[in-house]
Amino acid sequence: MAIKVGDEVAVMATVLKRVTEDRVSVSIPGYNFPHSVIGPATKLTEGQPMELSGDVTQIEGDKVTVSFGTVVTVDLDKVRLVQSHVPPKRRDLRM
């Protein structure tokens, strides 16, 4: 199934280090910059995989822009479809 704008997708990231008590720096495949996220209550350790999920905001060729609170553009082959967006059905307003 093809990924489209509005779909919820997931990306596997790797924890680089703990920045503060509640925030970790992660490496996202296909995104060449470290990204900081609020870590869950459990203690994440360096090198541990972490799944990030968000909504697709844009698709351009083989790149997908995903909103994780901030927008991140990654390679299309690095994302996994979690839930496909189904637009609301139009109601017939004629009486």
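See the structure printed just above.
The shown structure was predicted, so the numbers you read here are calculated from the model rather than taken from an experiment.

Engineer: Could you give an account of the overall build of the protein chain, naming the residues involved and the relevant values?
Structural biologist: The number of helices and strands found in the protein chain is zero helices and seven strands. Relative to the globule expectation of 12 Å for 95 residues, the C-alpha radius of gyration of the protein chain, 16 Å, shows a markedly less compact shape. Along the first, second and third principal axes, the C-alpha set of the protein chain runs to 60 × 30 × 20 Å. The buried share of the protein chain, reckoned over its 95 residues, is 28%. Partitioning the intrachain contacts of the protein chain with sequence separation of at least 6 by distance along the chain shows that 53% fall at a separation of at least 24. If you sum the accessible surface of the protein chain, you get close to 6,700 Å²; carbon and sulfur atoms cover 54% of it. Across the protein chain, the mean location of the 12 positive side-chain charges is 6 Å away from that of the 12 negative side-chain charges.

Engineer: Describe in detail the pattern of salt bridges, supporting the description with residues and values.
Structural biologist: Taken as a whole and judged by the stated rule, the model has three salt bridges. In this structure, Lys4 and Asp7 form a salt bridge, with 3.3 Å as the shortest nitrogen-oxygen distance. What makes Lys4 partly exposed here is its relative accessible area of 35%. On the basis of relative accessible area, Asp7 is assigned to the buried category, the value being 0%.

Engineer: Please set out the pairing of strand 5 (residues 63-67) residue by residue, giving values where relevant.
Structural biologist: Where strand 4 (residues 49-60) lies against strand 5, five bridges are found, and the strand directions are antiparallel. Residue pairing across strands places Asp55 opposite Ser67, the latter belonging to strand 5. Taking the residues between adjacent antiparallel strands as the criterion, strand 4 and strand 5 are bridged by two residues, where Gly61 takes a positive phi near 65°. Taking the residues between adjacent antiparallel strands as the criterion, strand 5 and strand 6 (residues 71-75) are bridged by three residues, where Gly69 takes a positive phi near 100°.

Engineer: With reference to specific residues and values, describe the packing of aromatic side chains.
Structural biologist: Scanning the entire structure with this criterion turns up one aromatic pair. Geometrically, the ring pair formed by Tyr31 and Phe33 is edge-to-face, given 5.6 Å between the ring centres and 65° between the ring planes.

Engineer: Mind laying out the side chain of Asp75, listing which residues take part and the relevant values?
Structural biologist: In this structure, Asp75 sits in strand 6. One polar contact links Asp75 to Lys63, side chain to side chain, over a distance of 2.6 Å. Aside from chain neighbours lying at most four places away, what touches Asp75 is Gly30, Asp62 and Lys63.

Calculation criteria
Residues numbered from 1 in each chain as written. Predicted model: local features only at pLDDT ≥ 70, side-chain atom pairs only at ≥ 80, totals over all residues. Heavy atoms only, no water. Helix = DSSP H or I, 4+ residues; strand = E, 2+ residues; numbered from the N terminus. Rg over C-alpha atoms; globule rule 2.2 N^0.38 Å. Buried < 20%, exposed > 50% of the residue type's maximum accessible area, 1.4 Å probe, protein only. Contact = heavy atoms within 4.5 Å. Areas by Shrake-Rupley, 256 points an atom, 1.4 Å probe, with all protein chains shown as cover. Lys, Arg positive; Asp, Glu negative; His and termini not counted. Charge placed at Lys NZ, Arg CZ, Asp CG, Glu CD. Salt bridge = Lys/Arg side-chain N within 4 Å of Asp/Glu carboxyl O. Pairing = 2+ DSSP bridges. Phe/Tyr/Trp six-rings, centres within 6.5 Å; stacked < 30°, edge-to-face > 60°. Polar contact = N/O pair within 3.5 Å; in protein donor to acceptor, adjacent residues only side chain to side chain.

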